[in-house]
Amino acid sequence: MASTTQPTARVYRMKTPEHMCPFGLKTVDLLKRKGFEVDDNLLTSREEIDAFKAKENVDTTPQVYLGDERIGGYEELREHLGMSVPDADSTTYRPVLAIFATALLIGFAISWTAQGTLFTARMPEYFVATAMVLLGLQKLQDVESFSSMFLNYDLLAQRHVPYSYVYPYAETLAGLLMLAGTLIWFAAPLALFVGTVGAVSVFKAVYIDKRELKCACVGGNSNVPLGFVSLTENLVMMGMGLWMPLRMLLA
């Protein structure tokens with residue numbers, strides 16, 4: 001008969017009045033989800049923490065033990081269990097995809113509120129305009145970091161550095177005005193201008209110069225690679241800059 005004994009893991013983690021270690025909580029939760037019975041040992045003072053580190057010759061907590069084997073902390077546990085280990089330096093499209101997905105849902109929400117249906121003629125406009133605002137917001141959180149990354153590839157910013165500081169405000173303002181459907185005579189040329197300059201800059205950097213860069217599209221601290229997504233963002237802005245005045249003329 002196969003044994004049904006539940007495997008046991010010992011965890012030593014920090015929980016003081018001043019600090020609850022988030023990685024300790026993640027570690028205990030992961031072990032329980034993987035079927036382990038957890039012997040959860042709390043280190044509740046600086047003295048206990050320092051004594052544990054000295055005794056076990058480790059620099060950090062939490063620490064996980066499976067039997068007599070020390071596995072390590074949260075990331076080492078994930079690796080031991082055959083799970084992916086987050087890498088803060090690896091490139092990823094997740095931030096920009098999250099923004100576009102959220103913008104799409106907001107577009108549907110506005111359409112539903114305005115006309116009682118998800119699919120309206122203006123829903124794509126709501127989607128793109130919202131995406132512009134959200135992308136602008138990411139840049140506005142740290143304009144200095146954004147400008148430093150932006151200067152790596154934007155042709156206009158390289159000639160006129162102040163443009164790298166203006167861009168986040170211009171993108172956000174154009175998106176807000178388009179979302180409101182007002183001052184299109186100003187918002188549309190603005191979106192067309194920044195989108196065109198951006199598209200040309202990205203195309204040159206990625207497809208002509210073959211440079212491997214990170215995109216400043218979601219702020220100056222992102223690991224989103226410069227490429228197709230960045231080019232698409234700028235082409236969509238160009239499209240909005242052309243479409244919005246045309247729609248008003250045809251209305």
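Higher on the page you've got the structure.
The structure contained in this document is the topic of the report that follows. All values derive from a computational prediction rather than experimental measurement. (Residues numbered from 1 in each chain as written. Predicted model: local features only at pLDDT ≥ 70, side-chain atom pairs only at ≥ 80, totals over all residues. Heavy atoms only, no water.)

### Quick notes on the overall build of the chain
Link 1 in the chain: Broken down by element type, the chain carries ten helices and four strands.
Link 2 in the chain: Helices (α) and strands (β) of the chain occur, in sequence order from the N terminus, as β-α-β-α-β-β-α-α-α-α-α-α-α-α.
Link 3 in the chain: By the compact-globule yardstick of 18 Å for 251 residues, the chain is too spread out, its C-alpha radius of gyration being 25 Å.
Link 4 in the chain: Reported as C-alpha extents along the three principal axes, the dimensions of the chain are approximately 75 × 50 × 40 Å.
Link 5 in the chain: Burial analysis of the chain (251 residues in total) assigns 42% to the buried set.
Link 6 in the chain: Counting only contacts in the chain whose residues sit at least 6 apart along the sequence, the fraction spanning at least 24 positions is 66%.
Link 7 in the chain: Measuring between centres, the 21 positive side-chain charges of the chain sit 6 Å from its 25 negative side-chain charges. (Helix = DSSP H or I, 4+ residues; strand = E, 2+ residues; numbered from the N terminus. Rg over C-alpha atoms; globule rule 2.2 N^0.38 Å. Buried < 20%, exposed > 50% of the residue type's maximum accessible area, 1.4 Å probe, protein only. Contact = heavy atoms within 4.5 Å. Lys, Arg positive; Asp, Glu negative; His and termini not counted. Charge placed at Lys NZ, Arg CZ, Asp CG, Glu CD.)

### Overview of the environment of Ser 147
Link 1 in the chain: Note that Ser 147 resides in helix α6 (residues 143-150).
Link 2 in the chain: Since its relative accessible area comes to 1%, Ser 147 is described here as buried.
Link 3 in the chain: Placed 100 residues apart in sequence, Ser 147 and Glu 47 show a C-alpha to C-alpha distance of 45 Å.
Link 4 in the chain: Among all residues touching Ser 147, those that are not within four sequence positions of it are Ser 164 and Tyr 165.
Link 5 in the chain: Here Glu 144 takes part through its backbone oxygen, which lies 2.8 Å from a polar atom of the side chain of Ser 147. (Polar contact = N/O pair within 3.5 Å; in protein donor to acceptor, adjacent residues only side chain to side chain.)

### Considering the nonpolar core
Looking at soluble globular proteins, one finds that nonpolar side chains tend to be buried together.
Link 1 in the chain: Phe 150, Tyr 153, Met 178 and Leu 226 are the most contacted members of the largest nonpolar core, which totals 40 residues.
Link 2 in the chain: Of all elements in the fold, only α4 (94-115), α5 (123-140), α6, α8 (163-180), α9 (184-208) and α10 (228-250) reach the threshold of two or more residues within this core.
Link 3 in the chain: No other element matches the eleven residues that α9 contributes to this core.
Link 4 in the chain: Setting aside chain neighbours within four positions, we find Leu 226 in contact with Tyr 153, Val 202, Ala 205, Val 206, Leu 213, Lys 214 and Cys 215.
Link 5 in the chain: The next biggest cluster of nonpolar side chains, apart from the first, holds twelve residues, and it includes Phe 36, Val 64, Ile 71 and Tyr 74. (Core = buried A, V, L, I, M, F, W, Y, C linked by side-chain atoms within 4.5 Å.)

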